[in-house]
Amino acid sequence: MHESGVFASLLQELERLVAENQAKRVSAIELVVGALETSDDEHLREHFRMASQGTIAEGAELTLVRDPNPLSTGFVLRSVELET
Ligand SMILES: [Zn+2]
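In this report, the structure presented in the accompanying data block is examined.

Further remarks concern the overall build of the protein chain. The helix and strand tally for the protein chain stands at 2 helices and 3 strands. Starting at the N terminus and ending at the C terminus, the protein chain contains elements arranged as α-β-α-β-β. Taken over the C-alpha trace, the protein chain has a radius of gyration of 13 Å; the compact-globule value for 84 residues is 12 Å, and the two agree within 12%. Dimensions along the principal axes, computed over C-alpha positions, put the protein chain at roughly 40 × 20 × 20 Å. Expressed as a percentage of its 84 residues, the buried residues of the protein chain come to 13%. Contacts in the protein chain between residues at least 24 apart in sequence constitute 89% of all its contacts with a sequence separation of at least 6.

Okay, the nonpolar core next. Phe7, Leu10, Leu14, Val18, Val26, Ile29, Phe48, Ala51 and Ala57 form the largest nonpolar core, which has 9 residues in total. Listed by contribution, the elements that provide at least two residues to this core are α1 (4-20), β1 (25-33) and α2 (41-52). The element contributing the most residues to this core is α1, with 4 residues. When neighbours within four sequence positions are excluded, Leu14 is seen to be in contact with Val26, Ile56, Ala57 and Val80.

What counts and what doesn't
- Residues numbered from 1 in each chain as written.
- Predicted model: local features only at pLDDT ≥ 70, side-chain atom pairs only at ≥ 80, totals over all residues.
- Helix = DSSP H or I, 4+ residues; strand = E, 2+ residues; numbered from the N terminus.
- Rg over C-alpha atoms; globule rule 2.2 N^0.38 Å.
- Buried ≥ 20, exposed ≤ 12 C-beta atoms within 10 Å, placed from the backbone.
- Contact = placed C-beta atoms within 7 Å.
- Core = buried A, V, L, I, M, F, W, Y, C linked by C-beta atoms within 7 Å.

Function cannot be inferred from these measures alone, as they are strictly geometric.
Okay, structure coming up:
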């Protein structure tokens, strides 16, 4: 399964947060991954690396947290650290 759309939306959200807060860039994010998502961390990191290339989130530290709810799906942005 390919999550390019998920990461494109995530990047849009990060761009919006940076603009709203007049920040310079995103330094770290925490993303909750649904238990039913089958992609492994390395695959998700690769998506983030590609989606963030040349953006305000390039090089941001990505923390992936697996949702403990066994029926959970999808991706939720739980926290964002901005560099101002
Ligand atoms: Zn993929």
